Amino acid sequence: MKIDFAQSAQSTLGVEWELALVDRYNGELVPVANEVLRGVSANHPELQDDDEHPHIKQELLLNTVELVTGICTTVDEAKEDLSRSLAAVREVTDPMGVELFCAGSHPFSAPRSQQVTDKERYAKLIDRTQWWGRQMVIYGVHVHVGLDHRDKALPVVDGLTNYFPHFQALSASSPFWGGEDTGYASQRALMFQQLPTAGLPFHFDDWAAYESYVQDMSTTGVIDAVSEIRWDIRPVGNLGTVEMRVCDGLSTLRDVGAVAALTQCLVHEFSQILDAGGSIPTMQPWHIQENKWRAARYGLDAIIILDADGNEQLVTDHLADVLTRLEPIAARLGCSSELADVEGIMQRGAGYQRQRRIAEEHDGDLRAVVLDMVQQLRE
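About the criteria used
- Residues numbered from 1 in each chain as written.
- Predicted model: local features only at pLDDT ≥ 70, side-chain atom pairs only at ≥ 80, totals over all residues.
- Heavy atoms only, no water.
- Axes fitted to C-alpha atoms, helices over the stretch in contact; angles between N-to-C directions.
- Helix = DSSP H or I, 4+ residues; strand = E, 2+ residues; numbered from the N terminus.
- Parallel < 35°, antiparallel > 145°, perpendicular 65-115°, else oblique.
- Contact = heavy atoms within 4.5 Å.
- Salt bridge = Lys/Arg side-chain N within 4 Å of Asp/Glu carboxyl O.
- Buried < 20%, exposed > 50% of the residue type's maximum accessible area, 1.4 Å probe, protein only.
- Pairing = 2+ DSSP bridges.
- Arc of directions from axis to C-beta.

1. With respect to the packing of helix α9 (residues 253-275) against helix α11 (residues 315-333)
Across the interface, α9 lies against α11 with an axial gap of 9 Å and an inter-helix angle of 80°. Comparing the axis directions of α9 and α11 gives the class roughly perpendicular. Facing L262, Q264, C265, L266, H268, E269 and Q272 of α9, the residues of α11 in contact are L319, V322, L323, R325, L326, I329, A330, R332 and L333.

Given below as structure tokens:
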């Protein structure tokens, strides 16, 4: 199977931000995405006229809308794009008594009671995955970064996989599930990997090997389209990008910008290494898998494996070194302030930490947690 890789300018950017729709007063999820999208289309047809790449779109569940940027050069441009779409959604949701929030999961709404969007591909997903598919009340942030050559895609995926726990720890925001504290920083990370073809990416020596894998998945009926490969980090041939899908939902535009900047800078660094004839080191799959679990369990307190020799370090200490190393690249890409916001997340604490603190301050009332996240997004 031949998979083309579209022409893309190096280190251009696209961001996808999944938002939950909740009742203004009790914080419960509400299945009103269709009404919201109709309202947005009436008010701002320019945001939805492009059927292939709308800026505001449906997702699996009717309690969700997704904001999608166009092709951006800088993180600031992507944030402005998302801000415009957010304002357009609020024009519709505010009169409805509907609020927006973003986190890795909803703390208490029952997964089985959530309505699925009426589309054939979603119906097929639920029919195939059954109980697990009906549990997917989860929200994330995806960052695409453009590459100027197809042969960079898989090495860059490998490179980003080394930083999986860093992104997971920074974004972890799903400690509660069905009203219960799971003990994990990110329940979403472990929930999403239950879907077929989701989870950590495989390593391939070259593009032909990746094409062979996709052919095998298609021949055996695992997928109908390459987009159904739902890895946490994946190449996207039709866009000419790599897509970082690790992150739990982030509650503020500032935090979305921070992880977008970290992604853009790392991809640019990897691209420079490859241009210079270098290679990107990989770790054993079992080390990568362990890092994912540690970050999902412990968040910013995770001690992560750094290399194939098994050296370890606290994820925040390693992140501090990474940020220093990436500062010149951030200056070149125009995202220095956004990259600095990564340090802000470490200082303030990640979403899971704030959620637990708010729950404790309100005697375990998880409605207060949702309404706090609503307020964060408002501010």
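2. A look at the pattern of salt bridges
Going through the model one piece at a time under the given rule, you end up with 21 salt bridges. Across the pair R24 and E99 runs a salt bridge, and its minimum N-O distance is 3.6 Å. Here the residue R24 occupies a position in the loop between β1 (13-23) and α1 (33-43), and E99 occupies one in strand β4 (residues 98-101), the gap between them amounting to 75 residues. Given a relative accessible area of 25%, R24 falls into the partly exposed group. Residues joined by salt bridges that share partners form a network here, namely R24, R90, D94, E99 and R378.

3. Details of the packing of helix α6 (residues 164-171) against α11
Look at α6 against α11: their axes get within 10 Å of each other, and the N-to-C directions meet at 110°. The angle between α6 and α11 places the two elements in the roughly perpendicular class. Between α6 and α11, the residues in contact are P165, H166, A169 and L170 and V315, H318 and L319, respectively.

4. Quick notes on the pairing of strand β8 (residues 233-236)
Judged by which residues are buried, β8 turns out to be covered on both faces: I233 and P235 on one side and R234 and V236 on the other are all buried. Between the end of β8 and the start of strand β9 (residues 241-244), which pair antiparallel, lie four residues, with G240 showing a positive phi angle near 70°.

5. A few points about helix α13 (residues 351-361)
Those residues of α13 that fall on the buried side of the exposure criterion are Y352, Q355, I358 and A359. When α13 is viewed along its axis, its buried side chains cluster within an angular range of 130° and face the same direction. Of the exposed residues in α13, those oriented more than 90 degrees away from the buried face are E360 and E361. Check the buried side of α13 and you find it contacts α6, β6 (176-177), α10 (285-298) and α14 (366-378). Where α13 ends, the next residue or the one after it, D363, has phi of about 55°, a positive value.

Interpretation note: all reported values are geometric properties and have no functional meaning in isolation.
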